Amino acid sequence: MDELRTHYHYFSNEEGDGYEIYSCDVPDVKGFGETYEEAMSDLRKNLQRHEEKSMEAQSLMERAIAAYDNKEYAVARSIWESLVHTNADAMVNLGTMYVKGFGVEKSISTAFTLFERAAAQGHETASFYLGGMYENGIGVTANKALSIQYYSVAAEANMPTAQLKLGILLRD
């Protein structure tokens, strides 16, 4: 947090005056205070908490991947389900389990929902999977325009397979 890019608002209401500051890099994390300095201090504390939670989630993701690789699907599923509300990688990994039926009952519709949520957060692998689902009518009605839309997101993230798929769809 050496160089912290922020934006702030000064407010005045019936409860008093104060500042609201948020990080430009993590806009969901905010700080509040009666003075700018108090709000900045609060923001730094909240960013530290956010970073700690992110590191904890990363450690959990590593444990889940190891469990999945060892075919301990119940362990992997449990970890990813605990992260699925905030972590797009967990959404994609859990969705993949539902596609394959590993450790869960196979459910293309559940996988689709998870991929859709992750793609809405800009996850390129989720976008690639949705592109394939729309291209081939897997769990959805085939839709070339939506397939192109999702493959484009993945292709712009330099995913070679998505670039190839997109090129083929645009050529036809």
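Here the structure is a predicted model, which means the values were calculated and not measured. (Residues numbered from 1 in each chain as written. Predicted model: local features only at pLDDT ≥ 70, side-chain atom pairs only at ≥ 80, totals over all residues. Heavy atoms only, no water.)

1. Re the pairing of strand S3 (residues 30-33)
Okay, so step 1: Of the two faces of S3, the one holding Gly-31 and Gly-33 is buried and the one holding Lys-30 and Phe-32 is not buried anywhere.
Okay, so step 2: With four bridges connecting them, strand S2 (residues 16-23) and S3 associate as antiparallel partners. If you follow Ile-21 over to S3, its bridge partner there is Gly-31. (Buried < 20%, exposed > 50% of the residue type's maximum accessible area, 1.4 Å probe, protein only. Helix = DSSP H or I, 4+ residues; strand = E, 2+ residues; numbered from the N terminus. Pairing = 2+ DSSP bridges.)

2. Observations regarding the sheet that holds S3
Okay, so step 1: One open sheet accounts for three strands, arranged S1-S2-S3; its pairing is antiparallel. The sheet terminates laterally at strand S1 (6-13) and S3, the two strands that pair on one side only. Direction aside, the axes of adjacent strands within the sheet are offset by 20° on average.
Okay, so step 2: Relative to S2, S1 is paired through eight bridges, and the arrangement is antiparallel. Across the sheet, residue Tyr-10 finds its bridge partner in S2, namely Tyr-19.
Okay, so step 3: Along the sheet, helix H1 (residues 36-69) makes contact with S1, S2 and S3, crossing S3 at roughly 145°. (Axes fitted to C-alpha atoms, helices over the stretch in contact; angles between N-to-C directions. Contact = heavy atoms within 4.5 Å.)

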